[in-house]
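Descriptive structure summary
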Amino acid sequence: MAGKDGWILVNRGMGNLHTSKDGNVAGAVCSETGMRGAYQKYKEMMAATEAK
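Please read all numbers here as calculations on a predicted model, not as lab measurements. (Residues numbered from 1 in each chain as written. Predicted model: local features only at pLDDT ≥ 70, side-chain atom pairs only at ≥ 80, totals over all residues. Heavy atoms only, no water.)

Observations concerning the pattern of salt bridges
- In total, this model carries 2 salt bridges according to the counting rule given.
- Among the ionic pairs, glutamate 32 bridges to arginine 12, the shortest N-O distance being 2.9 Å. In this pair, glutamate 32 is assigned in the loop between strand E2 (25-26) and helix H1 (33-51) and arginine 12 in the segment before strand E1 (18-19), connecting sequence segments 20 residues apart.
- The exposure class assigned to glutamate 32 is buried, which follows from its relative accessible area of 18%.
- Under the relative-accessibility criterion, arginine 12 is labelled partly exposed at 49%.
- Put simply, glutamate 44 and lysine 41 hold a salt bridge, and the shortest N to O gap is 3.2 Å. Here lysine 41 and glutamate 44 lie together in helix H1, a separation of 3 residues that amounts to about one turn.
- Classification of lysine 41 by relative accessible area gives partly exposed; the value is 43%. (Salt bridge = Lys/Arg side-chain N within 4 Å of Asp/Glu carboxyl O. Helix = DSSP H or I, 4+ residues; strand = E, 2+ residues; numbered from the N terminus. Buried < 20%, exposed > 50% of the residue type's maximum accessible area, 1.4 Å probe, protein only.)

Here's the deal with the confidence of the model for the protein chain
- Model confidence for the protein chain is summarised by a mean pLDDT of 85, while 92% of its residues fall at 70 or above.
- Looking at the elements of the protein chain, mean pLDDT is at its lowest for H1, recorded as 87, and at its highest for E1, recorded as 92. (pLDDT = per-residue confidence, 0-100.)

Considerations on the environment of methionine 35
- Inspection of the secondary structure assignment puts methionine 35 in helix H1.
- Its relative accessible area of 41% is what places methionine 35 among the partly exposed residues.
- In sequence terms methionine 35 and asparagine 11 are 24 residues apart; their C-alpha atoms lie 9.6 Å from each other.

Following this line, the structure appears as structure tokens:
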């Protein structure tokens, strides 16, 4: 069960994303793009574990 802590928001820079030349999503250094990517991968890996 979740604790009393608030949500972690990683929405900074969402409106300023673009696709880089190598096909990856890119944004400004302070845009939290990397954190969103890390959370997406974590969610993907946890969902794969449940499916087994």
